Amino acid sequence: MKDAPLIIAHRGASGLRPEHTLEGYKLAAQLGADVIEPDLVFTKDGHLICRHDRYLSGSTNVADKPDFADRKRPDPQRPEPDWYAEDFTLAEIQTLKARQPFPGRDTGYDDMFAIPTFAALLELAKNEGWRLCPEAKQPAIAAANGHDFNAALEPFFEAAQSGEIGPSYIQCFDASWLKTIAKMDNMERVQLLYLPSGQSIDISALSAQCDAIGPNKDALLAPSTLQQDAKAQGLKVYPWTFRSDQLPDGYVSLQEEYETFFKLGVDGLFSDHTADAVKARSAWRETH
């Protein structure tokens, strides 16, 4: 593929704008992203919205809304009570605005942009011919709340298969859910993985139910053979997450970090900073 390795805009242009906003997705596309990545959660009334987390305090102004003070509640997955998307109708979600959740990043765009529905992003993708890589967040919790990711994603699957949007992806950490997604044209199934240092995985067990893996980038570094093992099983590899403002120890520059993974032969990567990733790829191509 002439665009390989693909640059996947992680949560949109999340290094520059509040994550998961239409404005951030548009900026990522303008900066050269090959694929736009939204994370998806359900509202109380069954709409998919673009949020990285079910809880809302970090990425919205929900805490500033007195009318919603009584929605704050405990949850086993959070150390402190919070507000959860599944407790709000879409109409209520649409009264909120997005905020930058990462410390140290530009907050100048806080409270300016709406929380988008996946339906709105899909329409934009159709108009622009974008490729999408949505992540289904915690399908088991969604199912327990009476929501069905498979059914809700049907318009997206249809758009990819019909060519209304570019060749796309569906990703999830939940292997039991991802295996319910049938192989289809113009749609790669990406099994997300988090592997602590030194932990291995039997890739052959995954190859029958996905087309690619999305591991934490550290899981690919030597002495790991994960990259080679995945390729031996015919799986593509898309590591996460590259952040210009969080250069890992051991690298002298962003270019060095990106080239470490380009040399491995990854098929693409998730980056918060699209422009830097595109620049690094361009520099790599000039010499390879």
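Here the structure is shown first, and the text comes after it.
Caption draft 1: Broad picture of the overall build of the protein chain. The helix and strand inventory of the protein chain stands at 10 helices and 10 strands. Here the C-alpha atoms of the protein chain give a radius of gyration of 19 Å, agreeing with the 19 Å that 2.2 N^0.38 yields for 288 residues. Along the first, second and third principal axes, the C-alpha atoms of the protein chain reach 55 × 40 × 40 Å. Across the 288 residues that make up the protein chain, the buried fraction comes to 51%.

Caption draft 2: Up close: the environment of Leu-40. Within the secondary structure, Leu-40 is located in strand β3 (residues 39-42). Leu-40 gets classed as buried once you look at its relative accessible area, which sits at 1%. Between the C-alpha atom of Leu-40 and that of Arg-51, which follows or precedes it by 11 residues, the distance is 5.7 Å. Not counting residues within four places of it along the chain, the set of residues in contact with Leu-40 comprises Leu-48, Ile-49, Cys-50, Arg-51, Phe-118, Pro-134, Glu-135, Ala-136, Lys-137, Phe-149 and Leu-153.

Caption draft 3: Structural view of the sheet that holds strand β10 (residues 268-271). Reading across from one edge, β2-β1-β10 is the order of the three strands in this open sheet, with parallel pairing throughout. The strands lining the two open edges of the sheet, one partner per strand, are β2 (35-37) and β10. Ignoring strand direction, the axes of neighbouring strands in this sheet form an average angle of 25 degrees. As paired strands, strand β1 (residues 6-10) and β2 are joined by three bridges and run parallel to one another. Counterpart to His-10 in the pairing with β2 is Glu-37. Of the strands in this sheet, β1 and β10 touch helix α10 (residues 274-287), which is tilted by about 170 degrees from β1.

Caption draft 4: Summary view of the pairing of β3. Side chains Asp-39 and Val-41 project from β3 onto one buried face, and the interleaved Leu-40 and Phe-42 project onto a second face that is buried too. The pairing of β3 with strand β5 (residues 135-136) spans two bridges and is parallel. Paired with Leu-40 across the bridge in β5 is Ala-136. The pairing of β3 with strand β4 (residues 48-50) spans three bridges and is classified as antiparallel. Residue pairing across strands places Phe-42 opposite Leu-48, the latter belonging to β4. Where β3 hands over to β4, the hairpin turn is made up of five residues, of which Gly-46 adopts a positive phi near 85 degrees.

Caption draft 5: Inspection of the side chain of Gln-227 at higher detail. Note that Gln-227 resides in helix α8 (residues 226-232). Since its relative accessible area comes to 2%, Gln-227 is described here as buried. Apart from the residues within four sequence positions on either side, Gln-227 is in contact with Leu-220, Val-237, Leu-264, Gly-265 and Val-266.

Caption draft 6: View of the packing of helix α1 (residues 22-30) against helix α3 (residues 118-128). The geometry of α1 relative to α3 is characterised by a closest axis approach of 11 Å and an angle of 30 degrees between their N-to-C directions. When the interaxial angle is binned, α1 and α3 end up roughly parallel. Pair α1 / α3 crosses with right-handed handedness. On the side of α1, the interface is formed by Leu-22, Tyr-25 and Lys-26, while α3 contributes Ala-120, Leu-121 and Leu-124. Classifying every residue of the contact of α1 with α3 by side-chain character gives five nonpolar, no polar and one charged.

Caption draft 7: Focus on the pattern of salt bridges. Applying the stated criterion across every chain yields a total of 22 salt bridges. Across the salt bridge formed by Glu-123 and Lys-126, the nearest N and O atoms sit 3.3 Å from each other. Note that Glu-123 and Lys-126 are positioned in helix α3 at a spacing of three residues, about one turn of the helix. Of the charged contacts, one joins Glu-257 and Lys-217 as a salt bridge, the two residues approaching to 2.6 Å between their closest N and O atoms. Note that Glu-257 is positioned in helix α9 (residues 254-264) and Lys-217 in the loop between β8 (212-215) and α8, a separation of 40 residues in sequence. For Glu-257, a relative accessible area of 1% puts it in the buried group. What makes Lys-217 buried here is its relative accessible area of 10%. Put simply, Arg-54, Arg-73, Asp-75, Glu-86 and Asp-87 are held in one network by salt bridges that share partners.

Caption draft 8: Main features of the nonpolar core. Ranked by internal contacts, the top residues of the largest apolar core, which has 58 residues, are Phe-118, Leu-132, Phe-149, Leu-153, Phe-156, Trp-177 and Ile-213. Residue contributions to this core peak at five residues, all from α3. Listed in part, the 13 residues of the second largest apolar core include Leu-56, Leu-90, Leu-96 and Ala-98.

Caption draft 9: Structural detail: unusual backbone geometry. Residue Ala-222 is joined to Pro-223 through a cis peptide bond whose omega torsion reads 15 degrees. Following Trp-240, the chain continues to Thr-241 via a peptide bond in cis, the omega torsion being -15 degrees. With respect to the helices and strands, Thr-241 occurs in the loop between β9 (236-237) and α9. In the Ramachandran plot, Arg-11 falls in the positive-phi region, its phi being about 60 degrees despite a non-glycine side chain.

Cut-offs applied
Residues numbered from 1 in each chain as written. Predicted model: local features only at pLDDT ≥ 70, side-chain atom pairs only at ≥ 80, totals over all residues. Heavy atoms only, no water. Helix = DSSP H or I, 4+ residues; strand = E, 2+ residues; numbered from the N terminus. Rg over C-alpha atoms; globule rule 2.2 N^0.38 Å. Buried < 20%, exposed > 50% of the residue type's maximum accessible area, 1.4 Å probe, protein only. Contact = heavy atoms within 4.5 Å. Pairing = 2+ DSSP bridges. Axes fitted to C-alpha atoms, helices over the stretch in contact; angles between N-to-C directions. Parallel < 35°, antiparallel > 145°, perpendicular 65-115°, else oblique. Left-handed = near helix turned anticlockwise from the far one by under 90°. Nonpolar A, V, L, I, M, F, W, Y, C, P; charged D, E, K, R; others polar. Salt bridge = Lys/Arg side-chain N within 4 Å of Asp/Glu carboxyl O. Core = buried A, V, L, I, M, F, W, Y, C linked by side-chain atoms within 4.5 Å.

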